[in-house]
Amino acid sequence: MFYSNAGVLIMDAEIAEVIDHDVTTITCVCGNTVSNEGLIQANSQGVPVYNGRSIPVPAGLAAWPEDEDLYTLCPSYGRVYRDTVIEETGTAPVAFRVDVTTGPIAEAIRIYWGIDR
């Protein structure tokens, strides 16, 4: 972190590891992976999305975006990565962070993990 000339706090960009432009290979800044604690597909607000075909979208989850603008959420610390950036550039900068400890995102994560997909 550093301060700009105007005194604004600037965060150094956090960048996850990714292999060959593949969002399924993200190693989050915290070390989490798909095969470790898991990563979750989310919408542009960081809310986990549901793409189940057998039941309607459960309350608390977001519908699969019609425009397929997907993000990947690390449920461990709330880092969110934009899938199109990863696919296009082969890099995985953190797009934004969400609170995964309380509130609607935390509840959506619990719902997501509780669904038999």
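Since the structure is predicted, the reported quantities are computational estimates derived from the model, not experimental observations.

1. Quick notes on the side chain of Asp69
Then comes step 1: In this structure, Asp69 sits in the loop between strand S7 (62–63) and strand S8 (71–73).
Then comes step 2: The class of Asp69 is buried, set by a relative accessible area of 18%.
Then comes step 3: At a separation of 3.1 Å, a polar atom in the side chain of Asp69 contacts the side chain of Arg82.
Then comes step 4: The contacts of Asp69, once residues within four sequence positions are left out, are Ala42, Arg82 and Thr84.

2. Here's the deal with the pairing of strand S10 (residues 92–97)
Then comes step 1: Relative to S10, strand S3 (residues 15–19) is paired through two bridges, and the arrangement is antiparallel. Pairing of Ala16 across the sheet is with Ala92, part of S10.
Then comes step 2: Relative to S10, strand S9 (residues 79–82) runs antiparallel, the two sharing three bridges. Paired with Tyr81 across the bridge in S10 is Val94.

3. Here we look at the pattern of salt bridges
Then comes step 1: Considering all chains together, one arrives at three salt bridges under this definition.
Then comes step 2: Arg110 serves as the salt-bridge partner of Glu107, at 3.1 Å between the closest nitrogen and oxygen. In this pair, Glu107 and Arg110 both sit in helix H2 (residues 103–114), three residues apart, roughly one turn of the helix.
Then comes step 3: Glu107 gets classed as partly exposed once you look at its relative accessible area, which sits at 37%.

Reading the values: rules and limits
Residues numbered from 1 in each chain as written. Predicted model: local features only at pLDDT ≥ 70, side-chain atom pairs only at ≥ 80, totals over all residues. Heavy atoms only, no water. Helix = DSSP H or I, 4+ residues; strand = E, 2+ residues; numbered from the N terminus. Buried < 20%, exposed > 50% of the residue type's maximum accessible area, 1.4 Å probe, protein only. Polar contact = N/O pair within 3.5 Å; in protein donor to acceptor, adjacent residues only side chain to side chain. Contact = heavy atoms within 4.5 Å. Pairing = 2+ DSSP bridges. Salt bridge = Lys/Arg side-chain N within 4 Å of Asp/Glu carboxyl O.

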